[in-house]
Amino acid sequence: MSLTIITVMKKVLILGGILMAGILGYFHLPHTNKLSWQPISIPYISQPSCQPIRQTDLNETFSVLPRMSYPQPFVDKPQRTDVLLVSPWLAPIVWEGTFNRDILNAQYRQKNFVVGVATFAVKKYVRFIEGFLGSANKFFLSGHRVNFYLFTDHPEKVPSINLAPEKRLFIIPVQNYSRWQDISMNRMDIISNHIHSHWRYEVDYLYSMDIDVQMFEHIGVEIIDTLVGTISSWQYTKPRDSNSYERHPESRAAIPHGEGDFYYAASFYGGSVSEVYKLTTACFKGVTEDRANGIEAKWHEESHLNKYLLYHKPTRLLSPEYYWDEELIRPRIIRVKRLSSVRKDLQEVRF
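Residues numbered from 1 in each chain as written. Predicted model: local features only at pLDDT ≥ 70, side-chain atom pairs only at ≥ 80, totals over all residues. Heavy atoms only, no water.

Caption draft 1: Expanded view of the side chain of Ser87. Note on placement: Ser87 falls in the loop between helix H1 (3-28) and strand E1 (93-94). The exposure class of Ser87 is buried, given its relative accessible area of 4%. Among residues more than four places away in sequence, those in contact with Ser87 are Ile93, Phe262 and Leu317. (Helix = DSSP H or I, 4+ residues; strand = E, 2+ residues; numbered from the N terminus. Buried < 20%, exposed > 50% of the residue type's maximum accessible area, 1.4 Å probe, protein only. Contact = heavy atoms within 4.5 Å.)

Next up, the structure:
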């Protein structure tokens with residue numbers, strides 16, 4: 001073998017060694033601008049044993065809505081022009097004539113959700129149980145699954161009512177209080193505690209309703225949303241500074257003059273379980289802090305509800321149709337009376 005060939009082979013071997021060393025060194029050095037294909041160890045985050053980690057099911061099948069006939073909507077032909085339909089933060093305001101219940105039912109039945117209703121019948125308010133449950137069985141979320149959670153200090157006085165197959169009644173004993181104001185204000189705490197202990201595993205949405213009401217028209221899935229407030233029938237046309245907000249700055253429920261959207265009724269509010277938990281927990285915290293300072297808000301838990309919904313805007317508003325007071329003359333814009341308070345002597349039933 002000639003000397004020239006041997007020299008060339010040596011050079012090739014040397015260059016090959018240098019190239020290999022460079023490659024090995026490159027892959028052993030950190031490169032902040034390169035992707036690393038080494039496995040990354042992620043610390044384990046513990047989860048409550050009763051709550052599985054949520055995963056998105058990419059294999060979920062999609063059901064087709066049934067064919068139905070209904071009038072075509074047009075963007076230049078609003079369904080109502082006599083009332084406000086959307087809040088300044090784009091939350092819909094639900095009025096008669098603004099939705100098609102058949103379309104809504106077809107969509108929501110696919111979700112197979114469960115709605116809870118919390119209501120309280122303490123002391124003389126047990127007399128309203130039959131009227132409430134009887135009308136709710138007929139008109140509230142007909143065809144959808146509903147759990148009624150009835151708190152009462154007289155379980156033995158709850159009448160027997162044949163509910164629809166998709167509706168269930170749970171009777172929960174609760175203590176009474178000497179003052180009706182305390183009964184009212186402690187509802188927030190009771191609801192919050194039961195969400196934490198039970199209801200978050202049982203229902204998807206939760207609504208709080210007064211027991212001394214009756215329903216006269218269907219209340220359906222148009223009420224379903226993340227956080228829902230009902231505009232008071234007494235104050236829906238008043239300017240904000242005339243509303244019955246708590247104004248004393250010392251109270252945790254205080255709303256300063258010049259602020260306020262609508263006045264919301266504590267007789268009917270709700271939303272997703274998680275949002276109602278946040279609402280009731282925050283409101284009762286305000287009640288507790290006021291008590292510690294010797295303060296009682298003007299309209300008790302309703303004052304705290306209005307403070308909360310001012311700074312945590314509802315995602316859907318129910319018009320006064322959804323809680324109309326029988327003492328009021330119904331104007332033309334209230335086309336239907338879906339839910340109404342029962343006429344009663346407040347002094348007699350509260351004391």
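Caption draft 2: The pattern of salt bridges, seen in detail. Following the criterion strictly, the structure yields 14 salt bridges and no others. With its nearest N and O atoms 2.3 Å apart, the salt bridge here joins Glu96 to Arg338. One end of the pair, Glu96, is in the loop between E1 and helix H2 (101-108); the other, Arg338, is in the loop between strand E9 (316-318) and strand E10 (339-341), with 242 residues separating them in the sequence. Residues Glu275 and Lys278 are paired through a salt bridge, measuring 3.0 Å at the closest nitrogen-oxygen approach. Taken together, the positions of Glu275 and Lys278, both in helix H5 (residues 273-292) and 3 residues apart, correspond to about one turn of that helix. A relative accessible area of 45% places Lys278 in the partly exposed class. Among the charged side chains, a salt-bridge network with shared partners connects Glu96, Glu321 and Arg338. (Salt bridge = Lys/Arg side-chain N within 4 Å of Asp/Glu carboxyl O.)

Caption draft 3: Fine view of the packing of aromatic side chains. One pass over the full model with this rule turns up 13 aromatic pairs. An aromatic cluster is present here, built from Phe120, Tyr149, Phe151, Phe170 and Trp199 joined pairwise through their rings. The ring of Tyr108 has Lys111 lying over it, and the distance from NZ or CZ to the ring centre is 5.7 Å. (Phe/Tyr/Trp six-rings, centres within 6.5 Å; stacked < 30°, edge-to-face > 60°. Lys NZ or Arg CZ within 6 Å of the ring centre and 35° of its normal.)

Caption draft 4: Fine view of the packing of H5 against helix H6 (residues 301-311). Relative orientation of the contacting elements H5 and H6 amounts to 125°, with a least axis distance of 9 Å. On the basis of their axis angle, the class for H5 and H6 is oblique. Both H5 and H6 take part in a crossing whose hand is right-handed. Facing Glu275, Lys278, Leu279, Ala282, Cys283, Gly286, Val287 and Asp290 of H5, the residues of H6 in contact are His304, Leu305, Tyr308 and Leu309. Here the residues of the contact of H5 with H6 sort into 7 nonpolar, 2 polar and 3 charged. (Axes fitted to C-alpha atoms, helices over the stretch in contact; angles between N-to-C directions. Parallel < 35°, antiparallel > 145°, perpendicular 65-115°, else oblique. Left-handed = near helix turned anticlockwise from the far one by under 90°. Nonpolar A, V, L, I, M, F, W, Y, C, P; charged D, E, K, R; others polar.)

Caption draft 5: Spotlight on the layout of surface pockets. Considered as a void within the structure, the second largest pocket measures approximately 550 Å³ in volume. For the second largest pocket, the lining is made up of 21 residues, of which Pro73, Gln79, Thr98, Phe99 and Asn100 are closest to its centre. Those elements that place two or more of their residues in the lining of the second largest pocket are E1 and H2. The element best represented in the lining of the second largest pocket is H2, accounting for 3 residues. (1 Å grid on protein atoms, 1.4 Å probe; cavity = no way out; pocket = protein on both sides within 12 Å on 5 of 7 lines; lining within 4 Å. Points joined across faces, edges and corners; volume = space filled by probe spheres on them.)

Caption draft 6: Focus on the environment of Ile255. Note on placement: Ile255 falls in the loop between strand E7 (227-231) and strand E8 (264-272). For the pair Ile255 and Lys307, spaced 52 residues apart in the sequence, the C-alpha separation amounts to 6.3 Å.

Caption draft 7: Quick look at the pairing of E7. By the criterion of burial, E7 is predominantly enclosed, with 5 of the 5 residues buried. Neither face of E7 is left uncovered, since the one carrying Leu227, Gly229 and Ile231 and the one carrying Val228 and Thr230 both have all their residues buried. Of the pairings in the sheet, the one linking E7 to E9 comprises 3 bridges and is parallel in character. Bridging from a neighbouring strand, Gly229 pairs with Leu317 of E9. (Pairing = 2+ DSSP bridges.)

Caption draft 8: Just the nonpolar core, in detail. Judged by nonpolar contacts, the single largest core of 38 residues is most densely connected at Phe132, Phe140, Met215, Ile223 and Phe268. Secondary-structure elements contributing two or more residues to this core are H2, strand E2 (114-121), helix H3 (129-139), strand E3 (145-152), strand E5 (205-209), strand E6 (213-215) and E8. Broken down by element, the residue count for this core peaks at 5 residues, all from H3. In contact with Phe140, other than residues within four places in its own chain, are Val115, Val117, Ser135, Val146, Lys167, Met209, Met215, Ile219, Ile223 and Phe268. Within the second largest apolar cluster, 37 residues are counted, among which are Trp95, Val122, Tyr149 and Tyr264. (Core = buried A, V, L, I, M, F, W, Y, C linked by side-chain atoms within 4.5 Å.)

Caption draft 9: Inspection of H3 at higher detail. Turning to H3, its buried residues number three or more, namely Ile129, Phe132, Leu133, Ser135, Ala136, Asn137 and Phe139. Where the residues of H3 are buried, they touch E2, E3, strand E4 (167-173), E5 and E6. Taken from the residues just after H3, Leu141 is the one with a positive phi, measuring 50°.

Caption draft 10: Geometry of the sheet that holds E8. Here 8 strands make up an open sheet; going across it, the order is E1-E9-E7-E8-E5-E2-E3-E4 and the pairing mixed. Each having just a single partner strand, E1 and E4 make up the two edges of the open sheet. Bridging between E2 and E5 involves 4 bridges; their strand directions are parallel. Residue pairing in the sheet places Val117 in a bridge with Tyr207 of E5. The strands touched by H3 within the sheet are E2, E3, E4 and E5, with E3 carrying the most contacts at an inclination of about 175°. On top of the sheet, H6 reaches E7 and E8; it is set at about 50° to E8, its chief contact.

Caption draft 11: Structural view of the environment of Pro159. One can find Pro159 in the loop between E3 and E4. For the pair Pro159 and Arg127, spaced 32 residues apart in sequence, the C-alpha separation works out to 9.6 Å. The residues contacting Pro159, other than those within four sequence positions of it, are Ile129 and Glu130.

These figures capture arrangement, not role.
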